[in-house]
Amino acid sequence: MIENSSQPIGIFDSGIGGTSIWKEVQQLLPNEDTIYLADSLYAPYGQKSKEDIINLSIKNVEFLINKNCKLIIVACNTATTNAIKYLRANYSVSFIGIEPAIKPASLQTKTKTIGILATKGTLNSELFEKTSSLIDNDIKIIEQIGEGLVELIEQGKIDSTEMDLLLRTYINPMLEENIDCLVLGCTHYPYLIDAIKKITKDSINIIDSGEAVAKQTKRILASKNLLNRTEHNASNIFYTNKDKTVLENILRGSKYTLIEELNF
Ligand code: DGL
């Protein structure tokens, strides 16, 4: 297929977390039409096998290709680290992925200790192992699986006692190890920044890759002459295979056109 600039950008995640990436993309590229797919019925991906994550990613990608997307953002660290290699090898459309920002964190840390909160699937992936092996040996990386966090976010329990207690069990031990940077290695977690700051009392840097993904998307579209330069009211459509209320809540105040529940 020959892509053209008026086609939409496709974005998918295991659920609502990738909307944190959509918000960055929408802010940087307000002229682009977007189609977002939340695979919430199958969330979380984090505990699934690599094979399952690849199969779910194929399903999502084919949905977005059928919607005529010119580029696809894999707005999920777990799907990127486990499936993007397969996707790039099997589909001609361009993919932008997201990976935990441990490199920028390693350049910022003064205590030489950084924490990373991500899913099991991301932390155990070959791609993450490769990226972390490139970090200077004198930097200590403390990995923490954020088990249960995605489930609570998908249930709309961002600002809950349950969330606060769970986050404390993950973050306090890292603070005791003297981290001064915390990398958010899951696109759901930017929605926890306020809750995390309550625990860290703003004493550390919280780093995520959302803005970098939006910038990379712009760069790739520009290099392929696919930036939409036609002045128009952009259309931003969201599909979910679960109750759309959680998506509606997370998008409150954002410029979306439609949120639809579908079977997929
Ligand atoms: N947003 C996904 C990520 O960035 C969450 C994975 C999951 O569903 O467990 O990794």
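Whatever comes next refers back to the structure up there.
So, how was this worked out
Residues numbered from 1 in each chain as written. Predicted model: local features only at pLDDT ≥ 70, side-chain atom pairs only at ≥ 80, totals over all residues. Heavy atoms only, no water. Pairing = 2+ DSSP bridges. Helix = DSSP H or I, 4+ residues; strand = E, 2+ residues; numbered from the N terminus. Axes fitted to C-alpha atoms, helices over the stretch in contact; angles between N-to-C directions. Contact = heavy atoms within 4.5 Å. Buried < 20%, exposed > 50% of the residue type's maximum accessible area, 1.4 Å probe, protein only. Parallel < 35°, antiparallel > 145°, perpendicular 65-115°, else oblique. Nonpolar A, V, L, I, M, F, W, Y, C, P; charged D, E, K, R; others polar. Near = heavy atom within 4 Å. Polar contact = N/O pair within 3.5 Å; in protein donor to acceptor, adjacent residues only side chain to side chain. Disulfide = S-S within 2.5 Å.

## Some remarks on the sheet that holds strand 4 (residues 94-96)
Then comes step 1: The six strands are arranged 4-3-1-2-9-10 in an open sheet whose pairing can be described as parallel. Pairing within the sheet leaves two strands with one partner each, and these edge strands are strand 4 and strand 10 (258-261). For this sheet the average axis-to-axis angle between neighbouring strands, irrespective of direction, equals 20°.
Then comes step 2: Pairing of strand 1 (residues 9-13) with strand 2 (residues 34-38) involves five bridges; the strand directions are parallel. The partner of Asp 13 across the bridge, within strand 2, is Ala 38.
Then comes step 3: Relative to the sheet, helix 3 (residues 77-90) contacts strand 1, strand 3 (71-74) and strand 4, its axis offset from that of strand 4 by approximately 170°.

## Section: the pairing of strand 9 (residues 236-240)
Then comes step 1: Of all five residues in strand 9, five are buried; the element is thus mostly enclosed.
Then comes step 2: Residues of strand 9 alternate between two faces, with Asn 236, Phe 238 and Thr 240 on one and Ile 237 and Tyr 239 on the opposite face, all of them buried.
Then comes step 3: Pairing of strand 2 with strand 9, which is carried by five bridges, proceeds in the parallel orientation. In the strand pairing of strand 9, Leu 37 is matched with Tyr 239.

## Some details on the packing of helix 2 (residues 50-66) against helix 3
Then comes step 1: Relative to each other, helix 2 and helix 3 sit at 70°, their axes nearing to 9 Å. The pairing of helix 2 with helix 3 is recorded here as roughly perpendicular in orientation. Between helix 2 and helix 3, the contacting residues are Lys 50, Ile 53, Ile 54, Ser 57, Ile 58 and Val 61 on the first element and Thr 78, Ala 79, Asn 82, Ala 83, Tyr 86 and Leu 87 on the second.
Then comes step 2: Classifying every residue of the contact of helix 2 with helix 3 by side-chain character gives eight nonpolar, three polar and one charged.

## Some points on the site of the ligand
Then comes step 1: Close contacts around the ligand come from 13 residues, with Ser 14, Tyr 45, Gly 46, Thr 78 and Thr 187 the closest.
Then comes step 2: In the environment of the ligand, a nitrogen atom lies 2.9 Å from a nitrogen or oxygen atom belonging to the side chain of Asp 13.
Then comes step 3: The separation between an oxygen atom of the ligand and a polar side-chain atom of Thr 78 is 2.6 Å.
Then comes step 4: Broken down by class, the residue content of the shell around the ligand amounts to five nonpolar, seven polar and one charged.

## Section: the state of the cysteines
Then comes step 1: Within the structure shown, the criterion is met by zero disulfides.
Then comes step 2: Cys 76 takes part in no disulfide bond, and the closest cysteine sulfur, belonging to Cys 186, lies 6.7 Å away.

## Re the sheet that holds strand 6 (residues 140-145)
Then comes step 1: The sheet built from four strands is open, its strands ordered 6-5-7-8 with parallel pairing. In this open sheet, the two strands that pair with only one neighbour each are strand 6 and strand 8 (205-207). Neighbour to neighbour, the strand axes of the sheet diverge by 20° on average, direction disregarded.
Then comes step 2: Two strands pair when backbone bridges link them, and strand 5 (residues 113-118) and strand 7 (residues 181-185) are joined in this way by five bridges, in the parallel orientation. Bridged to Ala 118 within strand 7 is Gly 185.

## Some remarks on the side chain of Thr 19
Then comes step 1: By the element assignment, Thr 19 lies in helix 1 (residues 19-28).
Then comes step 2: What makes Thr 19 buried here is its relative accessible area of 0%.
Then comes step 3: Not counting residues up to four positions away in its chain, the partners in contact with Thr 19 are Tyr 36, Tyr 191, Phe 238, Leu 247, Ile 250 and Leu 251.

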